[in-house]
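One letter stands for each residue in the lines below.
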Amino acid sequence: MTADRIRRYLMGAGAMFGLFLLEQVAATPSQLPSMLRLTSVPAQITFGVITTIVSILVFWALWRAYQNGLANREPRYFDQQPTRRHKWLVLGLMVLALIALIVAEGLIHSQSSENQTAIEQMFKTTPWLTLYFGVFGAPILEELIFRGLFFNYFFMKLNKRWVKVLGIIVNGLLFAQLHTNLWTPDAWVYFVMGAILATTYVQTKDIRFDIGLHFANNAFAMFAMLI
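Structure report, in brief.

Rules of the game
- Note on numbering: residues in each chain are counted from 1, in written sequence order.
- Only residues with pLDDT of at least 70 get local features here, since the model is predicted, and only at 80 or more are side-chain atom pairs given and counted; chain-wide, interface and lining totals rely on the full set of residues.
- Excluded from the side-chain calculations are hydrogens and water; all other atoms, namely the structure's heavy atoms, are used.
- The nonpolar core is taken to be a set of buried Ala, Val, Leu, Ile, Met, Phe, Trp, Tyr and Cys residues, with the residues joined through side-chain atoms within 4.5 Å.
- Any residue under 20% of the maximum accessible area for its type is buried, any over 50% is exposed, and the rest in between are partly exposed; the area is computed with a 1.4 Å probe on protein chains only.
- Numbering of helices and strands runs from the N terminus, with a helix taken as a DSSP run of H or I at least four residues long and a strand as a DSSP run of E at least two residues long.
- Any two residues having at least one pair of non-hydrogen atoms within 4.5 Å are treated as being in contact.
- When two rings of Phe, Tyr or Trp (its six-membered ring) have centres within 6.5 Å they constitute a pair, described as stacked for plane angles under 30 degrees, edge-to-face for angles over 60, and tilted for the intermediate range.
- Consider the ring centre and the ring normal. A charge sits over the ring if Lys NZ or Arg CZ is within 6 Å of that centre and within 35 degrees of that normal.
- The term salt bridge refers to a pairing of a side-chain nitrogen on Lys or Arg with a carboxyl oxygen on Asp or Glu at a separation within 4 Å.

## So, the nonpolar core
By size, the foremost hydrophobic cluster in this structure holds 44 residues, and its most contacted members are Leu-62, Leu-149, Phe-151 and Leu-213. Only helix H1 (3–36), helix H2 (41–71), helix H4 (84–108), helix H6 (127–154), helix H7 (161–179), helix H8 (187–204) and helix H9 (207–226) provide two or more residues apiece to this core. The dominant element in this core, judged by the number of residues it contributes, is H6, at ten residues. In this structure, Phe-123, Leu-131, Ala-219 and Met-222 belong to the second largest nonpolar core, which totals five residues.

Written as structure tokens, this is what we have:
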């Protein structure tokens with residue numbers, strides 16, 4: 001492993017950690033009303049406005065980092081863009097995989113993770129604010145970090161099949177670890193979810209498809225709580 005590659009990995013790890021902290025900063029205003037028991041609609045609207053402003057600023061920082069990473073990565077892979085038909089075909093297959101995951105999770109009835117339990121608790125006290133950030137904010141910010149920046153820094157040569165597969169597996173493990181403990185029974189759900197989103201990214205080469213799929217998943221989960 002060359003010194004330049006080691007330096008890039010270290011820079012990538014630092015950038016992802018720092019931008020992940022920024023993403024947590026963006027999520028904080030949506031969590032405070034539940035923690036402080038400020039459950040009124042005006043309070044949720046006020047913190048919703050704050051969440052929007054902070055999220056836009058964080059999105060700008062993430063987007064700049066993502067674009068900078070694209071400019072310095074392996075050009076041969078991203079220069080060869082798939083057709084729009086191929087992108088939509090991949091998205092359709094990943095939607096089916098996502099539906100299969102939701103069905104499997106329902107049949108297995110694994111114990112809820114700490115992350116899911118916290119979201120459900122927030123939803124009970126501040127449902128509209130939780131729904132707002134969970135559906136609209138989190139998918140955009142998380143995809144730029146976990147898919148965009150991750151593959152820009154750590155798996156550049158995606159024109160090689162084994163690199164794609166390894167990247168998808170590692171990405172799924174990372175996504176699971178940051179949402180729950182890898183050694184808990186529910187970790188497989190987050191791993192598969194991360195792998196589905198990673199597959200969408202490396203096959204479409206378009207972060208918008210990941211964001212759309214993540215949006216659909218979170219929307220389904222949130223609206224299911226309303227029922």
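## Structural notes on the side chain of Arg-147
Structurally, Arg-147 can be placed in helix H6. Using a relative accessible area of 0% as the deciding quantity, one classes Arg-147 as buried. Sequence-distant contacts of Arg-147, defined by excluding residues within four places in its chain, comprise Glu-142, Asn-171, Phe-175, Gly-194, Leu-197, Ala-198, Tyr-201, Ile-207, Asp-210 and His-214.

## Some points on the packing of aromatic side chains
Across all of its chains, the model carries twelve aromatic pairs by this definition. Aromatic pair Phe-59 and Trp-63: ring centres 6.0 Å apart, planes at 25°, arrangement stacked. Separated by four residues within a single helix, Phe-59 and Trp-63 lie in helix H2, roughly one turn from each other. By way of ring pairs, the aromatic residues Phe-150, Phe-151, Phe-154, Phe-155 and Tyr-201 are connected into one cluster. We note Arg-147 situated over the ring of Phe-175; from NZ or CZ to the ring centre the distance is 4.7 Å.

## Focus on the pattern of salt bridges
Applying the stated criterion to the full structure yields three salt bridges. Of the charged contacts, one joins Lys-87 and Asp-206 as a salt bridge, the two residues approaching to 3.3 Å between their closest N and O atoms. In this pair, Lys-87 sits in helix H4 while Asp-206 sits in the loop between H8 and H9, placing the two residues 119 residues apart along the sequence. An identical accessibility class is assigned to Lys-87 and Asp-206; each is buried. Between Arg-208 and Asp-206 there is a salt bridge, with its nearest N and O atoms 2.8 Å apart. On the accessibility criterion, Asp-206 (7% relative accessible area) is buried. Among the charged side chains, a network of salt bridges with common partners joins Lys-87, Asp-206 and Arg-208.

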